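Commentary on secondary and tertiary structure
If you want the building blocks of each chain, they are given just below.
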Amino acid sequence: MNLPYFYVPKLSENAEITVLPEDTSLHIVQVLRMKQGERLMLTDGNGKSMTTEIIAADKKAAKVQLLTSSKDQPFGSKILIAISLI
């Protein structure tokens, strides 16, 4: 089963417990109706991803505990697409 994936701009690998931003917390608790003990994935958009578990399901500031962390390597080449004017 795939875990829900959320973007959190400032992820710290050193923190065991992370407090999620209010908009993300609201989406997790009210829209998805996730409860304490459920797992989710967090990413910072720069290749860092973490598997976490909800330890406090609050719609203003949900808290998650870090289970695993990984860092993806950047791709070796970039593809550029250019369109010329006719």
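The written sequence of each chain sets the order in which its residues are numbered from 1. The predicted nature of this model means local features are confined to residues of pLDDT at least 70 and side-chain atom pairs, given and counted, to a pLDDT of 80 or more, with totals for whole chains, interfaces and linings taken over all residues. Water and hydrogen atoms play no part in the side-chain values, which are based on all heavy atoms of the structure.

What to know about the nonpolar core
In these notes, a set of buried Ala, Val, Leu, Ile, Met, Phe, Trp, Tyr and Cys residues joined through side-chain atoms within 4.5 Å is what counts as a nonpolar core. Whether a residue is buried, partly exposed or exposed follows from its accessible area with a 1.4 Å probe, protein chains only, as a fraction of its type maximum: under 20%, in between, or over 50%, in that order. With 14 residues, the main nonpolar core has L20, I28, L40, L42 and I54 as its most contacted residues. Only DSSP runs of H or I reaching four residues or more are called helices, and only runs of E reaching two or more are called strands; each is numbered from the N terminus. If you list the elements that add at least two residues to this core, you get α1 (22-31), β3 (39-43), β4 (48-56) and β5 (63-71).

Quick notes on the confidence of the model for the protein
pLDDT measures how confident the predictor is about each residue, on a scale from 0 to 100. With 99% of its residues at a pLDDT of at least 70, the protein reaches an overall mean of 87. Mean pLDDT values for the elements of the protein range from 82 in strand β2 (residues 17-19) up to 92 in β3.

What to know about the pattern of salt bridges
A side chain with one charge can pair with a side chain of the opposite charge if their charged atoms come near. Here, a salt bridge means any Lys or Arg side-chain nitrogen found within 4 Å of an Asp or Glu carboxyl oxygen. Inspection of every chain in the model, using the stated rule, returns two salt bridges. Its salt-bridge partner being K48, residue D44 comes within 4.0 Å of it at the nearest N-O pair. The exposure classification of D44 matches that of K48, with both residues buried.

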